[in-house]
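Close look at the chain arrangement
Here's the letter readout for the chains.
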Amino acid sequence: MTANLSRRSLILGAGGAAVAAGTSLALAESAHAAGPSTPLGIGSSGYHVTQFQLAMNANGFWCGTVDGQFGELTQQAVYAVQKTHRRARTGKIDLALWDSGLARVRATSRYQLDGIEIDLARQLLMVVRGGIVEVALNTSTGDGSTFRFNGGWARAITPTGTFTIYRKSVQETSTNPWVTAELGTMYKPRYFDSRGFAVHGSTSIPPYPASHGCARVSTRAQNYLLSSGFLNMGVKVRIY
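What this report covers is the structure whose coordinates are included nearby. Keep in mind the model is a prediction, meaning the values are calculated, not measured.

**Focus on the overall build of the protein chain**
- Assigned secondary structure in the protein chain consists of 6 helices and 12 strands.
- Relative to all contacts within the protein chain whose residues are 6 or more apart in sequence, the contacts with residues 24 or more apart total 56%.
- Summed over all atoms, the accessible surface of the protein chain reaches about 11,100 Å², with 52% contributed by carbon and sulfur.

**So, unusual backbone geometry**
- With phi around 55°, glutamine 112 is a residue other than glycine that occupies positive phi space.
- Counting through the fold element by element, glutamine 112 comes out in the loop between α5 (95–100) and β1 (115–119).
- You will see that lysine 188, though not glycine, has its phi angle at about 45°, which is positive.

**Structural notes on helix α4 (residues 72–84)**
- A rise of 1.5 Å per residue sets the reference length of α4, with its 13 residues, at 18 Å; its end C-alpha atoms lie 18 Å apart and thus fit the reference within 8%.
- The element α4 is largely enclosed, with a buried count of 11 among its 13 residues.
- Taken as a whole, α4 has its buried residues at Leu73, Thr74, Gln76, Ala77, Val78, Tyr79, Ala80, Val81, Gln82, Lys83 and Thr84.
- Packing partners of the buried residues in α4 comprise α3 (47–58), α5, β2 (124–129), β3 (132–138), β11 (215–218) and α6 (219–227).
- Of the residues one or two after α4, arginine 86 is the one with positive phi, at around 55°.

**Regarding the pattern of salt bridges**
- In this structure the tally under the stated criterion is 4 salt bridges.
- A salt bridge links aspartate 193 to arginine 195; the nearest nitrogen and oxygen atoms lie 2.8 Å apart.
- Under the relative-accessibility criterion, arginine 195 is labelled exposed at 58%.

**Side note on the packing of α3 against α4**
- The contact between α3 and α4 brings their axes to 11 Å, and the two run at 60°. Our classification of the angle between α3 and α4 gives oblique. Once α3 is placed against α4, the crossing between them reads as left-handed. Taken together, the residues of α4 that come into contact with α3 (itself represented by Phe52, Gln53 and Met56) are Thr74, Ala77, Val78 and Val81.
- A breakdown of the residues in the contact of α3 with α4 according to their chemical character gives 5 nonpolar, 2 polar and no charged.

**Comments concerning the nonpolar core**
- The biggest cluster of nonpolar side chains holds 24 residues, and the ones touching the most others in it are Phe52, Met56, Val78, Ile93, Met126 and Ala136.
- Broken down by secondary-structure element, the contributors of at least two residues to this core are α3, α4, α5, β2 and β3.
- Methionine 56 has contacts with Phe61, Cys63, Thr74, Ala77, Val78, Val81 and Ala103, leaving out every residue within four places of it along the chain.
- Trp62, Phe192, Val199 and Ile239 belong to the second-largest nonpolar core, a separate cluster that totals 23 residues.

**Some thoughts on α3**
- An ideal rise of 1.5 Å per residue puts 16 Å on 12 residues; α3 measures up with 17 Å between its terminal C-alpha atoms.
- Every buried residue belonging to α3 is among His48, Val49, Gln51, Phe52, Gln53, Ala55 and Met56, and all of these are buried.
- Glycine 60 occupies a position one or two residues after α3 and carries a positive phi of about 95°.

**Description of the pairing of strand β5 (residues 152–155)**
- Strand direction decides the pairing type here: strand β4 (residues 146–149) and β5, joined by 4 bridges, are antiparallel. Bridge assignment links threonine 146 to a residue of β5, and that residue is arginine 155.
- The antiparallel pairing of β4 with β5 creates a hairpin that spans 2 residues between the two strands, and asparagine 150 there sits at a positive phi of about 50°.

Analysis parameters
Residues numbered from 1 in each chain as written. Predicted model: local features only at pLDDT ≥ 70, side-chain atom pairs only at ≥ 80, totals over all residues. Heavy atoms only, no water. Helix = DSSP H or I, 4+ residues; strand = E, 2+ residues; numbered from the N terminus. Contact = heavy atoms within 4.5 Å. Areas by Shrake-Rupley, 256 points an atom, 1.4 Å probe, with all protein chains shown as cover. Expected span 1.5 Å × (residues − 1). Buried < 20%, exposed > 50% of the residue type's maximum accessible area, 1.4 Å probe, protein only. Salt bridge = Lys/Arg side-chain N within 4 Å of Asp/Glu carboxyl O. Axes fitted to C-alpha atoms, helices over the stretch in contact; angles between N-to-C directions. Parallel < 35°, antiparallel > 145°, perpendicular 65-115°, else oblique. Left-handed = near helix turned anticlockwise from the far one by under 90°. Nonpolar A, V, L, I, M, F, W, Y, C, P; charged D, E, K, R; others polar. Core = buried A, V, L, I, M, F, W, Y, C linked by side-chain atoms within 4.5 Å. Pairing = 2+ DSSP bridges.

Have a look at this one:
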């Protein structure tokens, strides 16, 4: 009974909201609703991927266009669901994750203040407005390693505290928006600390800390954050 209710919650929403007009409850609980028989990952496609994408997008786990194709953005969003609810970070939709209904359970804000929150323990970047988490993204921050920088040694630690986005790169709107620095390249960085820390796009966003201290998101997620005004000048960034 619990599994059936969880499946219903995933498809219909928390509390078993009414299905779309013309769709019966019996149809919603058809064989499709039983969940995937094998874990879904990169390259998977079909009904279950579509339903999970719909659930994630509706509850702040942004995965781009709902198309039934399990690509990089869907994997990033699945990571965000798993991180939010402290599940194993597999990046795959298995039967246990499907039955849990957690794609329908929105992340929550620690401070309930407008801006960006970055939870280092969960490696999660959240956009908060009106106390509600509108967007929750997989991020990768400082991994704690030591590295050579400006002729000396530094440690890859993301600073904690409250910061303000104050600068963007001059290349952001150019044909080549990648910024090349001593430590590598950043896609359309928005800086929140004078020491060079930024939220920026990257082609590598694993579900664990891997950066020199910045908060990485996918390049398409960075475009989404920028186009939505979530990283405008003056936005607060709270890191804990």
